[in-house]
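Single-letter residue listing:
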Amino acid sequence: MKVFVTGASGWIGSAVLPELIAAGHDVLGLARSDASAAAVTAAGAQVHHGSLDDLDSLRTGAAAADAVIHLAFKHDFTDYAGAGRTERAAVSAIGDTLAGSGRPFLFASGVALLTPGRVATEHDPNPLRGPDAPRGGAENLAFEYTDRDVRTVSLRFAPTVHGPGDHGFVAQLVRIAREHGVSAYSGDGSNRWPAVHRSDAAALVRQALEAPAGTIVHAVAEEGVPARDIATAIGQGLGLPVTTATPDHFGWLGPFFAADIPASSTVTQKQLGWTPTHPTLLEDLAAGHYFTAR
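Under an unreviewed UniProt entry, the name given to the protein chain is SDR family oxidoreductase, and the source organism is Dactylosporangium cerinum.

Quick look at the structure:
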C-alpha cells in the first residue's frame, strides 16, 4: 500500500517509517520543515510538504494514499485547547477525504484519562467528546467516519513511549530531577504509569494497518509502572536522593505524573498477535542513556 503518515519525522513516526518500508509499503511522509523533509527522505520515504495547520496539504496527502496513519499532534501544553482544535480539524480533513473509500485511517490517541484508578482496556469508550475536550475529542470524532466507509482504527499509546533519544515525559522527569537536585514522586508513589518501548509501538502500528474498522489497539507493554519506581530509577541514574513532593514540584507535568492510569493491552496482543519484546521502562532507565543526553 501507499501510506500517508503525519508526524513522520517525530518520535513515534520516525520508528514507524522503517517498519512500513520493511513490510513492503510505499510511504509518503508529511514534513513541515527542511529538517523534517531530510529525515523523511533519509528513512527511505517520499516527502509531502505541509503541516497540521495546512488542511489542504492533509487532504491531498490522504487522497494520494491507500491508507493514512495520523501521528502528528501539537504537544503545546501552554495552549492545549488550541492543540485540540487543530487535531479535530485535521481528523475532519482526513476523514472527509477518505469517506466512501473503505481505506484505513489509523490515528494516535492515548490511554491516559480513560479510567483513572483502574486498568483501562480496549473495551473502554473514550469519555472525551466535543471540540472543547482534550485532543479535541478526536477519537470519537474519527470513529464517526466508520459509518462513512472509512476503516478507522484508534492507536491508543501509553503516556510513556520510551527508548534511546526519548524527549517525552520521562526525559522531562530527568530534567526536573537535575534542576531540583532530587528525584521525586507524588504522594506515596503507588500511582501507576503504562509504558511501551518505541520499537514495540512502531511494530504495532504497522500490524494495525490490517485491523478492521472500529478497532481500538493499546500500545502498552507494561500495565503500570509505579511512579516511585520510576523516581527511584532516575535517582539512581543521577546519583540523587528520592523523595515525595507535591504535584507543583513538577510544573505542568505534575497532574499527569500524579495520576493513577494503568492500562492493559491483552485484547490487542490476542487480536493482532503483537508481543512486546524490547526493554521495559526501568531497563531503559538502568541502561543510562536518559542520563547522558542533556
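**Q** Looking at this structure, how should I read the packing of helix α1 (residues 13-22) against helix α7 (residues 198-208)?
**A** Angle between the axes and distance between the axes are the two parameters that describe a pair of packed helices. Where α1 contacts α7, the two axes come as close as 8 Å, and the packing angle between them is 50 degrees. As far as their axial angle goes, α7 and α1 are oblique. The two elements α1 and α7 cross, and the hand of that crossing is right-handed. Each of Ser14, Ala15, Val16, Glu19 and Leu20 in α1 lies in contact with α7, whose residues at this interface are Arg198, Ser199, Ala202, Ala203, Val205 and Arg206.

**Q** Explanation requested: empty space enclosed by the protein in the structure shown.
**A** Gaps left between atoms show up when a probe the size of a water molecule is rolled over them. A complete count under the given rule lists one cavity of 30 Å³ or more for this structure. Leu173, Ile176, Ala177, Val182, Ser183, Ala184, Ala231, Ile234, His249, Phe250 and Phe257 are the residues that line the largest cavity. Looking at the lining of the largest cavity, the element that brings in the most residues is helix α6 (residues 169-180), giving three residues. Considered class by class, the residues forming the lining of the largest cavity number nine nonpolar, two polar and no charged.

**Q** Is there a simple way to explain α1 in this structure?
**A** Along an α-helix, residues three or four positions apart point the same way, because every turn accommodates 3.6 residues. Of the positions making up α1, those classed as buried are Gly13, Ala15, Val16, Leu17 and Leu20. Where α1 is buried, its residues meet β1 (2-6), β2 (26-31), α2 (34-42), β4 (67-70) and α7. Residue Gly24 follows α1 closely and has a positive phi angle near 95 degrees.

**Q** Just checking my understanding: could you explain the packing of aromatic side chains for this structure?
**A** Any aromatic ring pair is given by two values, namely how distant the centres are and how the planes are angled relative to each other. Inspection of the entire model under this criterion finds eight aromatic pairs. Here Phe169 and Trp252 contribute two aromatic rings whose centre-to-centre distance is 6.0 Å and whose plane-to-plane angle is 50 degrees, an arrangement assigned as tilted. With Phe169 in helix α6 and Trp252 in the loop between β12 (242-245) and α9 (254-257), the pair connects residues that are 83 residues apart, well separated along the chain. On the basis of relative accessible area, Trp252 is assigned to the partly exposed category, the value being 39%. Centroid distance Trp252 to Phe256: 6.5 Å. Interplanar angle 75 degrees. Geometry classified as edge-to-face. Under the relative-accessibility criterion, Phe256 is labelled partly exposed at 27%.

**Q** When you look at the nonpolar core in this model, what are you seeing that I'm missing?
**A** Here is a general trend for soluble globular proteins: nonpolar side chains tend to be buried in one another's company. Counting 39 residues, the largest nonpolar core has Val5, Leu20, Ile69, Leu71, Leu155 and Phe157 as the members making the most contacts within it. Of all elements in the fold, only β1, α1, β4, β5 (104-110), β6 (151-157), α7 and β10 (215-219) reach the threshold of two or more residues within this core. Setting aside chain neighbours within four positions, we find Leu20 in contact with Val3, Val5, His25, Val27, Ile69, Arg206 and Leu209. In terms of nonpolar packing, the next biggest core, distinct from the first, is built from 26 residues, Leu173, Val174, Ala184 and Leu253 among them.

**Q** Is there a simple way to explain the layout of surface pockets in this structure?
**A** In this model, the largest pocket occupies a volume close to 1,400 Å³. Lining the largest pocket are 49 residues, and of these Leu71, Phe73, Lys74, His75 and Arg135 lie nearest its centre. Of all elements in the fold, only β2, α4 (80-98), β5, α5 (138-143), β7 (160-162) and α6 reach the threshold of two or more residues within the lining of the largest pocket. Here the residues of the lining of the largest pocket are counted per class, giving 27 nonpolar, 15 polar and seven charged.

**Q** What exactly am I supposed to notice about the sheet that holds β7 here?
**A** By way of backbone hydrogen bonds, the strands of a sheet pair with one another, either parallel or antiparallel. The sheet built from three strands is open, its strands ordered β7-β9-β11 with mixed pairing. Looking along the sheet, the strands with just one partner apiece sit at the ends: β7 and β11 (222-226). Pairs of neighbouring strands in the sheet enclose a mean axial angle of 45 degrees, with direction left out of account. Pairing analysis gives three bridges linking strand β9 (residues 192-197) to β11, with the strands arranged antiparallel. Within β11, the position partnered with Trp193 by the bridge is Val225. Contacting β7 and β9, α7 crosses the sheet at an angle of about 70 degrees to β9.

The rules behind these values
Residues numbered from 1 in each chain as written. Predicted model: local features only at pLDDT ≥ 70, side-chain atom pairs only at ≥ 80, totals over all residues. Heavy atoms only, no water. Axes fitted to C-alpha atoms, helices over the stretch in contact; angles between N-to-C directions. Helix = DSSP H or I, 4+ residues; strand = E, 2+ residues; numbered from the N terminus. Parallel < 35°, antiparallel > 145°, perpendicular 65-115°, else oblique. Left-handed = near helix turned anticlockwise from the far one by under 90°. Contact = heavy atoms within 4.5 Å. 1 Å grid on protein atoms, 1.4 Å probe; cavity = no way out; pocket = protein on both sides within 12 Å on 5 of 7 lines; lining within 4 Å. Points joined across faces, edges and corners; volume = space filled by probe spheres on them. Nonpolar A, V, L, I, M, F, W, Y, C, P; charged D, E, K, R; others polar. Buried < 20%, exposed > 50% of the residue type's maximum accessible area, 1.4 Å probe, protein only. Phe/Tyr/Trp six-rings, centres within 6.5 Å; stacked < 30°, edge-to-face > 60°. Core = buried A, V, L, I, M, F, W, Y, C linked by side-chain atoms within 4.5 Å. Pairing = 2+ DSSP bridges.

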